[in-house]
Amino acid sequence: MQNIRFSAILLICILILSCNADKNKKTDENMTEVTEKVLRHVVLFKFKDDAPAEKIMEIEKAFSALPSKISQIKDYEWGINNSPEGLNKGLTHCFLVTFKSEEDRAVYLPHPDHKAFVEILKPHLEDAVVVDYWTTSSP
């Protein structure tokens, strides 16, 4: 009797957990997971050797202020390189800006607040790399 009760409780727990695990997944007709695709705008900076630390901090703050000024930015994050591989080629800062569409990016690029940020950045920038891509799901 005790084994049957334990088995019933275990079965109920497994059913509850499996229902909760699938709660946030979207699926297509082939039962594969579907995730919302977004457009990522990756920006990497290498600052000039003589760029003052306070100017770099000002640039970090100015870039970080753009999401509150440009509504087309869906998400934003940034960080300073800490890779131990030594392959960054002097690029120290990575900024990741996310858009829902190419139209949103098209509004962002010539936006007056983005252009004002670029003017703050230019005198202190040695090099930059920009890569844009649409996110994809794993097969």
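What you are looking at is a predicted structure, and each value in this text was computed from that prediction instead of being measured. (Residues numbered from 1 in each chain as written. Predicted model: local features only at pLDDT ≥ 70, side-chain atom pairs only at ≥ 80, totals over all residues. Heavy atoms only, no water.)

A.B. asks: Sorry if this is basic, but what is going on with helix α2 (residues 53–69) here?
C.D. replies: Since one α-helical turn is 3.6 residues long, residues separated by three or four positions face the same way. Helix length check: α2, at 17 residues, gives a terminal C-alpha distance of 25 Å against a target of 24 Å (1.5 Å per residue), a fit within 8%. All of the buried residues in α2 are I56, I59, E60, A62, F63 and L66. The buried side chains of α2 occupy one side of the element, clustering within an arc of 160 degrees when seen end-on. In α2, the exposed residues that point more than 90 degrees away from the buried face are A53, E54, K61 and S68. Packing partners of the buried residues in α2 comprise β3 (39–47), β4 (75–80), β5 (93–99), α3 (102–108) and α4 (112–121). (Helix = DSSP H or I, 4+ residues; strand = E, 2+ residues; numbered from the N terminus. Expected span 1.5 Å × (residues − 1). Buried < 20%, exposed > 50% of the residue type's maximum accessible area, 1.4 Å probe, protein only. Arc of directions from axis to C-beta. Contact = heavy atoms within 4.5 Å.)

A.B. asks: What is the right way to read the pattern of salt bridges from this model?
C.D. replies: As a working rule, side chains carrying opposite charge can pair if their charged atoms are close by. With the rule as written, the count across this model stands at 4 salt bridges. With its nearest N and O atoms 3.0 Å apart, the salt bridge here joins E36 to K74. Of this pair, E36 sits in the loop between β2 (33–34) and β3 while K74 is found in the loop between α2 and β4, placing the two residues 38 residues apart along the sequence. According to the relative accessible area criterion, K74 is partly exposed, its value standing at 36%. In this structure, E119 engages K122 in a salt bridge whose closest nitrogen and oxygen atoms are separated by 3.3 Å. (Salt bridge = Lys/Arg side-chain N within 4 Å of Asp/Glu carboxyl O.)

A.B. asks: How should I be thinking about the sheet that holds β4 in this particular structure?
C.D. replies: Whenever strands of a sheet pair, they do so through backbone hydrogen bonds, lying parallel or antiparallel. With antiparallel pairing, the 4 strands of this open sheet are ordered in space as β4-β5-β3-β6. In this open sheet, the two strands that pair with only one neighbour each are β4 and β6 (125–134). Averaged over all pairs of adjacent strands, the angle between their axes in this sheet comes to 15 degrees, without regard to strand direction. Two elements, β3 and β5, share 7 bridges in a ladder whose sense is antiparallel. Bridging across to β5, R40 finds its partner in T98. Together, β3, β4 and β5 form the strand contacts of α2, whose direction differs from that of β4 by roughly 165 degrees. (Pairing = 2+ DSSP bridges. Axes fitted to C-alpha atoms, helices over the stretch in contact; angles between N-to-C directions.)

A.B. asks: Whenever I open this one, the pairing of β3 confuses me. Can you help?
C.D. replies: Residues in a regular strand project their side chains so that they alternate between the two faces of the sheet. Both β3 and β6 contribute to a ladder of 9 bridges, which runs antiparallel. Across the sheet, K46 pairs through a bridge with D127, a residue of β6.

A.B. asks: I would appreciate a short explanation of unusual backbone geometry in the present structure.
C.D. replies: Comment: phi is negative for the bulk of residues other than glycine, and the bulk of peptide bonds are trans. We note that K89 has phi near 50 degrees; this positive angle belongs to a residue other than glycine. On the secondary structure map, K89 appears in the loop between β4 and β5.

A.B. asks: Where do I start with the environment of H111 in this structure?
C.D. replies: Within the secondary structure, H111 sits in the loop between α3 and α4. Judged by its relative accessible area of 17%, H111 falls in the buried class. Separated by 41 residues in sequence, H111 and I70 have C-alpha atoms that sit 7.8 Å apart. Not counting residues within four places of it along the chain, the set of residues in contact with H111 comprises K69 and I70. From its side chain, H111 meets the backbone nitrogen of D113 in a polar contact 3.0 Å long. (Polar contact = N/O pair within 3.5 Å; in protein donor to acceptor, adjacent residues only side chain to side chain.)

A.B. asks: I tried to follow the nonpolar core on my own but got confused; where do I start?
C.D. replies: Within soluble globular proteins, side chains that are nonpolar generally end up buried alongside one another. Counting 19 residues, the largest nonpolar core has F45, F63, I73, Y108 and F117 as its most contacted members. Those elements that provide at least two residues to this core are β3, α2, β5 and α4. Look past the residues within four positions of F45 in its chain and what remains in contact with it is F63, G90, L91, T92, H93, F95, F117, L121, L125, D127 and A128. (Core = buried A, V, L, I, M, F, W, Y, C linked by side-chain atoms within 4.5 Å.)

What is shown is where atoms sit, not what they do.
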